Amino acid sequence: MRHAATAAFAIAASLLVAACGQSGESGSGGEAAAPKAPELTAEQKQALLASLPAPYNTGDLENGRVKFGLCRSCHTITEGGPNQVGPNLYGVFGRKAGTHEGYSYSKAMLASNIVWDGAVLDQWLDNPRTFLPGTKMTFAGLHDEKDRIDLIAYLKVESGYQAPAAK
């Protein structure tokens, strides 16, 4: 486990170094947009997976990718990706629900005070309409617990999740 935490730290550090010196601003004055985070290698993805809290550290990334196919018609997960029928999910973990810029949320979502983490997303994915009545999301839910674990693990690995720093 110590090796996985070290590898996760190395990944986070390399991403920070890659972004060093970039302003992160973009505008209409001909400025370039901030560079996107480099694509993780298979080894980096496995190290990040191993560093996730239980039960997500046991997730099957391939099954999670397949299950994300149910979400792909409404959501993107790439950095800077577009909103579609649903908001872009890059950086969703730790974000307050209803705050992704450029997406028009339901009144229920805006009033929810939800902060997305694995446990909340697990409940949401089981049945979004009963979890938050009034949501615009029409997805019937992903009722298999292992499929939800795999999907959440995949989302953490693919959507810019950064593990909290060790204390």
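Please refer to the structure higher up on the page.
The sections below set out a description of the structure shown in this document. Fair warning: this is a prediction, and the values are worked out from it, not measured in the lab.

## Some remarks on the packing of helix α2 (residues 42-51) against helix α7 (residues 145-158)
For the pair α2 and α7, interaxial distance at closest approach is 10 Å and the crossing angle is 120°. One element, α2, and the other, α7, form an angle in the oblique class. For α2 against α7, the interelement crossing comes out right-handed. On α7, the residues touching K45, L48 and L49 of α2 are A153, K156, V157 and E158. Here the contact of α2 with α7 is composed, by residue class, of 4 nonpolar, no polar and 3 charged.

## Thoughts on the pattern of salt bridges
Where charged atoms of side chains with opposite charge meet at close range, the side chains can pair. Per the counting criterion, the structure on display carries 7 salt bridges. Of the charged contacts in the structure, one is a salt bridge between R148 and D122, with a shortest N-O distance of 2.8 Å. Residue R148 is located in helix α7, and its partner D122 is located in helix α5 (residues 118-126); the two are separated by 26 residues in the primary sequence. Each member of the pair, R148 as well as D122, is classed as buried. Here R148 and D126 are joined by a salt bridge, their closest N and O atoms 3.3 Å apart. One end of the pair, R148, is in helix α7; the other, D126, is in helix α5, with 22 residues separating them in the sequence. Given the relative accessible area of 8%, R148 is considered buried. By sharing partners, the salt bridges in this structure join E39, K45 and E158 into a single network.

## Notes on the side chain of D147
Take D147: it is sitting in helix α7. When its relative accessible area of 15% is taken as the criterion, D147 is described as buried. A distance of 2.9 Å separates polar atoms of two side chains, one belonging to D147 and the other to N63. Residues within four places of D147 in sequence aside, it is in contact with N63, K67 and L142.

## Considering the layout of surface pockets
There is about 570 Å³ of room inside the second largest pocket. Along its surface, the second largest pocket is lined by 29 residues, and H75, G86, P87, W124 and M137 are the ones closest to its centre. Looking at the lining of the second largest pocket element by element, the count peaks at 3 residues for α5. Residue composition of the lining of the second largest pocket, grouped by class: 19 nonpolar, 7 polar and 3 charged.

Reading guide: rules and limits
Residues numbered from 1 in each chain as written. Predicted model: local features only at pLDDT ≥ 70, side-chain atom pairs only at ≥ 80, totals over all residues. Heavy atoms only, no water. Axes fitted to C-alpha atoms, helices over the stretch in contact; angles between N-to-C directions. Helix = DSSP H or I, 4+ residues; strand = E, 2+ residues; numbered from the N terminus. Parallel < 35°, antiparallel > 145°, perpendicular 65-115°, else oblique. Left-handed = near helix turned anticlockwise from the far one by under 90°. Contact = heavy atoms within 4.5 Å. Nonpolar A, V, L, I, M, F, W, Y, C, P; charged D, E, K, R; others polar. Salt bridge = Lys/Arg side-chain N within 4 Å of Asp/Glu carboxyl O. Buried < 20%, exposed > 50% of the residue type's maximum accessible area, 1.4 Å probe, protein only. Polar contact = N/O pair within 3.5 Å; in protein donor to acceptor, adjacent residues only side chain to side chain. 1 Å grid on protein atoms, 1.4 Å probe; cavity = no way out; pocket = protein on both sides within 12 Å on 5 of 7 lines; lining within 4 Å. Points joined across faces, edges and corners; volume = space filled by probe spheres on them.

Function-wise, these values are silent; they only describe arrangement.
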